[in-house]
Amino acid sequence: MVEPVIRPATLEDAELAADLMTAAYPPEPQDPLVTRYRWAHPRDGWSFGRFIAEVDGHAIAHLWSAHGPWEQVPERHCDIGADVVESRQSDDVLDLAWTWIAEYAAADGACIINGYAAEDEPEVLKTLGRLGYDRDRSEKVWELDLEKHGTRLLAEAKAARHKMKSEGIDLMPLADWPGPDTLKGLHALNEATVRDVPTSHPILPQSLSNFLDRMSGPDLPHDRLWLARHGGRPIAMSFLRFPPVRGHVWTGYTCSHAGYRGRGIARAVKLQSLAQAIELGVQFVRTDNDSENAPMLHINETLGYDPRPAIASFVKRVSSP
């Protein structure tokens, strides 16, 4: 095996990284414009390692690490990944890539590293097993056929609008209710509800500035971010992400204020985003949920989503705090 040369990636490598991620796992293409936007708008205080591995001048992998401020992560969790193009996924190359990025994370101060692989990535799964990672959680992935279920979903979306209106709740896109107060309300809603997501490590708070960056990506026009309003404040939201160059349409986030749960509001607002996707001619949408997130799993099942290969998370301790 010719050992790869590994160099730091710059913002100008974002499109190349998207190509490498796509070639590493073709079922989930990555959008180059979205990748560049995310690289250009990092979260405050977070540390990112990004690298390109090359053999004979040809890029074969994108390696990365990401963690929040260590003072907010007492156990020093760090996410890592090694996106090796499928044609180069030999045992030697995969072992080298995953070992290199793990050692980088450890040198950066990580004590526990988290890696991820889809259940239809057999070579990566075997690599993580060889390298001593333990399986941690499972992220259920679903796909909804909008052509097959379109007529029913449009009818359900219309019925949901009428039901919500009868309860004094308006469903609308963000573009119909713009302004800083709305965005601050959505930020507060996001911060309150994200804590309910099952996880093995802490979900760190997100500043208003970072939230606004997230809500302004090239894959999220504000006329496609749906929310529910009651009494002058947002109480639920749901949105799909539409990659501008390539990739699948995914649910970005769906949530409902704790004080309004059990009334079908999250389902109603999610139906509006799905109805809009149908009208835009989207054939399929995908979503993912932690295997322990029972409320969202139930919503997906009732809407007609079909399961796809899940995404497994793996954990490995690399040093002691």
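We now turn to the structure provided with this report.

What counts, and at which threshold
- Residues numbered from 1 in each chain as written.
- Predicted model: local features only at pLDDT ≥ 70, side-chain atom pairs only at ≥ 80, totals over all residues.
- Heavy atoms only, no water.
- Helix = DSSP H or I, 4+ residues; strand = E, 2+ residues; numbered from the N terminus.
- Rg over C-alpha atoms; globule rule 2.2 N^0.38 Å.
- Buried < 20%, exposed > 50% of the residue type's maximum accessible area, 1.4 Å probe, protein only.
- Contact = heavy atoms within 4.5 Å.
- Areas by Shrake-Rupley, 256 points an atom, 1.4 Å probe, with all protein chains shown as cover.
- Lys, Arg positive; Asp, Glu negative; His and termini not counted.
- Charge placed at Lys NZ, Arg CZ, Asp CG, Glu CD.
- Phe/Tyr/Trp six-rings, centres within 6.5 Å; stacked < 30°, edge-to-face > 60°.
- Disulfide = S-S within 2.5 Å.
- Salt bridge = Lys/Arg side-chain N within 4 Å of Asp/Glu carboxyl O.
- Expected span 1.5 Å × (residues − 1).

Turning our attention to the overall build of the chain. Counting its secondary structure elements, the chain contains nine helices and 12 strands. What you see for the chain is a C-alpha radius of gyration of 21 Å, in line with the 20 Å of a compact globule of 321 residues. By its C-alpha atoms, the chain is 65 × 45 × 35 Å across when sized along the principal axes. Per-residue burial over the chain gives 49% buried out of 321 residues. Considering only intrachain contacts with a sequence separation of at least 6, the fraction spanning at least 24 residues in the chain is 73%. With the model as given, the accessible surface of the chain reaches about 14700 Å², and the carbon-plus-sulfur share is 52%. Each charge class in the chain can be summarised by its mean position, and for the 34 positive and 46 negative side chains these summaries are 8 Å apart.

For the structure on display, the rule yields five aromatic pairs. When the ring of Phe-51 is compared with that of Trp-100, the centres are 4.9 Å apart and the planes differ by 75°; the resulting orientation is edge-to-face. Of the two residues, Phe-51 sits in strand S2 (residues 47-55) while Trp-100 sits in helix H3 (residues 91-107), which places them 49 residues apart along the sequence. Judged by relative accessible area, Phe-51 falls into the buried class, the value being 9%. Ring centres of Trp-98 and Tyr-133 lie 6.4 Å apart, and the angle between their planes is 75°; on these two criteria the pair is classed as edge-to-face. In this pair, Trp-98 sits in helix H3 while Tyr-133 sits in the loop between helix H4 (122-130) and strand S6 (134-145), placing the two residues 35 residues apart along the sequence.

Turning next to the state of the cysteines. Applying the stated rule across the entire model yields zero disulfides. Just so you know, Cys-78 is unpaired, no disulfide at all, and the nearest cysteine sulfur is the one on Cys-111, 10 Å from it.

Structurally, Asp-145 is set in strand S6. Here Asp-145 occupies a buried position and makes no salt bridge, while the nearest side chain of opposite charge, Lys-148, is found at 6.2 Å.

This brings us to H3. For an α-helix, the turn length of 3.6 residues means that residues three or four places apart are oriented alike. The end-to-end C-alpha distance of H3 is 24 Å, a good match for the 24 Å that 17 residues give at a rise of 1.5 Å each. Among the residues of H3, Val-93, Leu-94, Leu-96, Ala-97, Trp-98, Ile-101, Ala-102 and Ala-105 are the ones counted as buried. Elements in contact with the buried residues of H3: strand S1 (5-8), S2, strand S3 (58-67), strand S4 (77-84), strand S5 (112-118) and H4. Once H3 ends, the next one or two residues include Gly-109, with phi positive near 110°.

Let us now look at helix H6 (residues 180-193). If you check H6, its first and last C-alpha atoms are 20 Å apart, about what 14 residues at 1.5 Å a residue would give, namely 20 Å. Listing the buried residues of H6 in full gives Thr-182, Leu-183, Leu-186, His-187, Leu-189, Asn-190, Glu-191 and Thr-193. Lining the buried residues of H6 we find helix H7 (208-214), strand S8 (225-230), strand S9 (233-241) and strand S10 (249-256).

Turning our eyes to something else, we now look at the side chain of Ser-313. Mapped onto the secondary structure, Ser-313 falls in strand S12 (residues 306-317). Residue Ser-313 is classed as buried on the basis of its relative accessible area, which comes to 8%. In contact with Ser-313, not counting residues within four places along its chain, are Gly-115, Tyr-116, Asp-134, Arg-135, Asp-136 and Arg-137.

It is worth spelling out the environment of Glu-139 at this point. Along the chain, the position of Glu-139 falls in strand S6. Under the relative-accessibility criterion, Glu-139 is labelled partly exposed at 25%. Sequence spacing of Glu-139 and Asp-13 is 126 residues, and the spatial spacing of their C-alpha atoms is 29 Å.

The next thing to look at is the pattern of salt bridges. This structure, assessed with the given rule, holds 17 salt bridges. Of the charged contacts in the structure, one is a salt bridge between Glu-123 and Lys-126, with a shortest N-O distance of 3.3 Å. Of this pair, Glu-123 and Lys-126 are both found in helix H4, three residues apart, which corresponds to roughly one turn of the helix. Relative accessible area serves as the criterion here: at 25%, Glu-123 is assigned to the partly exposed category. On the accessibility criterion, Lys-126 (46% relative accessible area) is partly exposed. One salt bridge in this structure joins Arg-152 and Glu-156, with 3.0 Å as the shortest N-O distance. With Arg-152 and Glu-156 both in helix H5 (residues 146-166), this residue pair falls four residues apart, about one helical turn.

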